[in-house]
Amino acid sequence: MDLTLKVWRQKNNKAKGKFVEYKIKNISKDSSFLEMMDILNEQLIEEGVEPVAFDHDCREGICGMCSLYINGRPHGPDEAVTVCQLHMRKFNDGDTIVIEPWRAKAFPLIKDLMVDRSAFDTIIQAGGYVSVNTGGVPDANSIPIERDKAELSMDAAACIGCGACVAACKNASAMLFVSAKVSQLNLLPQGKAEAKLRVEAMVKEMDDLGFGNCTNTGACEAECPKEISLTNIARLNRNFYAAKLS
Amino acid sequence: MSKLLGSSITKKLVMALAGLFLILFLPVHLGINLLLLKEDPVPFNEAAHFMATFPPIKIFEVILLGTFLIHILWGIILQIQNWMARPSRYRVTNYSQTSFFSKFMIYTGGIVLIFLVIHFINFYLMKLGIVEGDPENFYKEAHDLFQLPGYITFYLVSFVILGFHLHHAFQSAFQTLGWNHKKYTPVIKALGVIYSIFIPLGFFIIPILIYLK
Ligand code: SF4
Ligand code: FES
């Protein structure tokens with residue numbers, strides 16, 4: 001297939017960015033979106049143009065590094081996949097594809113389509129962990145966990161921290177990410193001891209970093225490649241009130 | 001400023017509680033308004049008189065006014081923060097699936113606010129004697145207003161927009177309170193849709209019936 005790409009190019013955070021149009025030919029329907037980007041970059045290198053900077057790592061949908069905003073949707077038109085798992089068969093021959101970076105104050109642009117998502121790491125550092133005291137390794141089955149809770153926790157733990165929720169949200173809110181990370185730990189007995197501290201610290205960090213306020217639009221849930229549910233946000237709210245009230 | 005008001009979730013909680021209070025108040029107001037459809041002006045005027053003079057309702061009036069102000073102010077603060085959270089806008093519009101009316105809450109809210117200000121000038125200031133009119137005969141004042149096609153149109157538009165606002169607001173308030181449940185959330189959403197259609201319908205059917213009479 002032959003395509004026209006409109007790619008956001010910006011030297012660095014300070015520079016003014018703009019769209020640059022590229023024509024690309026003979027792309028296989030079976031190639032992935034990032035393979036198409038690789039082909040584009042090779043073409044650019046041959047032409048002596050600086051290649052487009054974009055994030056990626058595992059290319060199998062588990063690391064959360066890939067982050068392209070394609071035709072008005074984070075991770076592109078397919079449901080529940082990351083960009084690296086998006087295939088060109090989702091597009092048609094002759095299409096124009098517009099590619100932008102994630103845009104949020106808390107995700108400052110580094111270059112072209114790459115943004116700095118270390119704000120998520122900062123939130124995790126604030127409370128997204130279970131403090132472990134050293135000692136003998138506990139027996140694997142010594143703590144009984146309700147099956148339902150374990151399932152909910154596992155669902156929340158599927159979050160790969162890609163930031164599509166922030167990118168999709170009209171308020172650039174990080175509530176879906178934070179709620180997944182809080183739920184994952186607060187639902188389990190191991191996370192209970194620090195549940196209140198965790199939720200307060202992580203929400204505070206989220207606010208301080210300049211993410212927006214959730215208005216329950218549901219765009220995050222619709223775009224999340226791991227289908228993290230809005231029920232996690234409701235749980236985050238409940239946990240937060242419980243922490244404040246006690 | 002924003003620090004004083006607490007975390008994002010606290011601000012949203014205030015927003016939701018104030019909103020729910022207003023949601024409870026609307027049917028009461030509608031109930032009184034329906035008396036306007038009677039030929040006899042006495043029941044409506046008596047109800048209005050009661051609302052204006054019975055002391056406990058004075059307290060309620062202050063709470064109501066405060067709730068409006070809080071809902072408006074907090075809404076504006078949250079919205080400004082949300083705009084600031086994305087200083088560089090996307091060049092292609094967002095095509096993500098969302099609760100449709102959630103995209104326009106600040107605008108639908110703003111239009112309802114304009115309506116409220118005019119409503120306030122019409123009736124509250126009349127009651128205080130600042131604006132000309134007979135505060136003992138709101139029935140007549142309302143009927144007079146409902147003879148003006150311009151006013152009726154404005155009234156209609158305002159309530160349709162209020163319906164849009166409520167459509168998202170109702171279920172959103174429950175989500176903010178943390179009430180999201182497999183079984184009950186669909187019920188809440190359905191109730192929200194019913195509420196956001198029938199309450200505005202109740203309000204704007206009144207001027208239409210009066211005008212046609
Ligand atoms: S909640 Fe979903 S969209 Fe948000 S960071 Fe996690 S995986 Fe990505
Ligand atoms: S590159 Fe790892 S999830 Fe896409």
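Only a predicted model underlies this, so the values are computations on that prediction, with no experimental measurement involved.

Draft legend 1. Spotlight on the overall build of chain A. The helix and strand tally for chain A stands at nine helices and seven strands. Along the first, second and third principal axes, the C-alpha atoms of chain A reach 60 × 35 × 35 Å. Across the 246 residues in chain A, those meeting the buried criterion constitute 50%. The long-range share in chain A, meaning contacts at least 24 apart out of those at least 6 apart in sequence, stands at 68%. Accessible surface computed for chain A: about 11,200 Å², of which carbon and sulfur atoms make up 51%. Computed over 29 positive and 33 negative side-chain charges, the inter-centroid distance for chain A is 6 Å.

Draft legend 2. Expanded view of the packing of helix H7 (residues 195-208) of chain A against helix H9 (residues 231-245) of chain A. Residues and elements named next belong to chain A. In the contact formed by H7 and H9, the axes pass within 9 Å of each other and the chain directions differ by 110°. Considered as vectors, H7 and H9 are oriented roughly perpendicular to each other. When H7 is examined against H9, the residues Lys-196, Val-199, Glu-200 and Val-203 are found in contact with a partner set consisting of Leu-236, Asn-239, Phe-240, Ala-242, Ala-243 and Lys-244. Across the contact of H7 with H9, the residue classes break down as six nonpolar, one polar and three charged.

Draft legend 3. Layout of the packing of helix H5 (residues 175-186) of chain A against H7 of chain A. Residue and element names in this part refer to chain A. At their nearest, the axes of H5 and H7 sit 10 Å apart, and the two run at 165° to each other. On the basis of their axis angle, the class for H5 and H7 is roughly antiparallel. The handedness of the crossing between H5 and H7 is right-handed. Between H5 and H7, the contacting residues are Met-175, Val-178, Lys-181, Val-182, Leu-185 and Asn-186 on the first element and Ala-195, Arg-198, Val-199, Met-202 and Met-206 on the second.

Draft legend 4. Structural detail: unusual backbone geometry. Residue and element names in this part refer to chain A. With a phi angle near 45°, Asn-71 is a residue other than glycine that sits in the positive phi range. With respect to the helices and strands, Asn-71 occurs in the loop between strand S3 (69-70) and strand S4 (73-74). Residues other than glycine seldom take positive phi values, yet Asp-112 does so here, at roughly 45°. With respect to the helices, strands and loops of the structure, Asp-112 is situated in the loop between strand S6 (109-111) and strand S7 (114-115).

Draft legend 5. Structural view of a nonpolar patch on the surface. Side chains of Ile-76, Ile-80, Trp-83, Met-84, Phe-100, Phe-104 and Tyr-107 of chain B sit close together on the surface and give an oily, nonpolar patch of about 690 Å² of accessible area. As for its placement among the helices and strands, Phe-100 of chain B is situated in the loop between helix H3 (55-84) and helix H4 (105-127).

Draft legend 6. Up close: the site of ligand 1. All names here are of chain A. Among the 14 residues in the neighbourhood of ligand 1, the closest are listed as Cys-159, Cys-162, Gly-163, Cys-165 and Cys-224. When residues of the shell around ligand 1 are traced back to their parent elements, those giving at least two are helix H4 (164-168) and H5. Counted by class, the shell around ligand 1 contains 11 nonpolar, two polar and one charged residues.

Draft legend 7. How the structure looks around the pairing of strand S1 (residues 3-9) of chain A. All names here are of chain A. Extensive coverage of S1 is indicated by the burial of six of its seven residues. By the bridge criterion, seven bridges tie S1 to strand S2 (residues 18-24) in an arrangement that is antiparallel. Looking at the pairing, Trp-8 lines up with Phe-19 of S2. Note: S1 against strand S5 (residues 96-100), four bridges, orientation parallel. Paired with Val-7 across the bridge in S5 is Ile-99.

Draft legend 8. Broad picture of the domain arrangement of chain A. All names here are of chain A. If you check the domain split of chain A, you get domain 1 (3-111) and domain 2 (118-245). Summarising the inter-unit geometry, the C-alpha centres of domain 1 and domain 2 are found 29 Å apart. Interface of domain 1 and domain 2: buried area, both sides summed, is about 1,400 Å²; carbon and sulfur atoms make up 60% of it. Where domain 1 meets domain 2, there are four residue pairs in polar contact (both at pLDDT 80 or more). Residues that form the side of domain 1 that touches domain 2 fall into these classes: 10 nonpolar, four polar and three charged.

Draft legend 9. Quick peek at the sheet that holds S3 of chain A. Residues and elements named next belong to chain A. Overall, mixed pairing links the five strands, which are arranged S2-S1-S5-S3-S4 in an open sheet. Single-partner strands in this sheet number two, and they are S2 and S4. Where S3 meets S4, two bridges bridge the pair, whose relative direction is antiparallel. In the strand pairing of S4, Tyr-69 is matched with Pro-74. Against the sheet, helix H1 (residues 33-46) makes contact with S1, S2, S3 and S5, and its axis sits at roughly 90° relative to S2, the strand it touches most.

Draft legend 10. Summary view of H5 of chain A. All names here are of chain A. Given a rise of 1.5 Å per residue, 12 residues ought to cover 16 Å, and the 15 Å separating the end C-alpha atoms of H5 matches this to within 8%. Counting buried positions along H5 yields 11 of 12 residues, so the element is predominantly enclosed. Along H5, the residues classified as buried are Met-175, Leu-176, Phe-177, Val-178, Ser-179, Ala-180, Lys-181, Val-182, Ser-183, Leu-185 and Asn-186.

Analysis parameters
Counting restarts for each chain, with residues numbered from 1 along the sequence as it is written. Labels are handed out in written order, letters beginning with A for the chains and numbers beginning with 1 for the ligands. Where local features are concerned, this predicted model is filtered to residues with pLDDT of at least 70; where side-chain atom pairs are given and counted, the filter is 80 or more; whole-chain, interface and lining totals use all residues. Each side-chain value is worked out from all heavy atoms of the structure, with water and hydrogens disregarded. Segments assigned H or I by DSSP are reported as helices when at least four residues long, segments assigned E as strands when at least two residues long, and all are numbered from the N terminus. In this scheme, a residue with accessible area under 20% of its type's maximum is buried, one over 50% is exposed, and one in between is partly exposed, where area comes from a 1.4 Å probe on protein chains only. Contacts between residues were defined by any pair of non-hydrogen atoms, one from each residue, lying within 4.5 Å. All accessibility values rest on the Shrake-Rupley procedure with a 1.4 Å probe; residue burial counts only the protein chains present in the view. Only four residue types enter the charge count: Lys and Arg as positive, Asp and Glu as negative, with His and the chain ends excluded. Charge positions come from single atoms, namely NZ of Lys, CZ of Arg, CG of Asp or CD of Glu. Here the axes come from fitting lines to C-alpha atoms, over the contacting stretch only for helices, and the angles between their N-to-C directions go from 0 to 180 degrees. Throughout, the term roughly parallel applies to angles under 35 degrees, roughly antiparallel to angles over 145, roughly perpendicular to angles from 65 to 115, and oblique to all others. Throughout this entry, Asp, Glu, Lys and Arg are counted as charged residues, while Ala, Val, Leu, Ile, Met, Phe, Trp, Tyr, Cys and Pro are counted as nonpolar. The remaining residues, Gly among them, count as polar. Should the near helix be turned anticlockwise from the far one by less than a right angle, the crossing is termed left-handed; should it be turned clockwise, right-handed. Think of a patch as exposed residues, more than 30% relative accessible area, with no salt bridge, where like charges cluster within 9 Å and nonpolar side chains (Val, Leu, Ile, Met, Phe, Trp, Tyr) cluster within 5 Å. Any Lys or Arg side-chain nitrogen located within 4 Å of an Asp or Glu carboxyl oxygen qualifies as a salt bridge. For this purpose, a residue is taken to be near a molecule or strand whenever a single non-hydrogen atom of the residue falls within 4 Å of it. Each pair of strands is called paired provided DSSP finds at least two bridges between the two strands. All domain edges in this entry derive from an automatic or database-based domain assignment. Summed over both partners, the accessible area (1.4 Å probe) lost when two parts come together is defined as the buried area. By the criterion applied in these results, polar contacts are pairs of N or O atoms within 3.5 Å in which, for protein atoms, one can donate a hydrogen and the other can accept it, and in which residues neighboring in sequence qualify only through two side-chain atoms. The span expected for a helix works out to 1.5 Å for each residue beyond the first.

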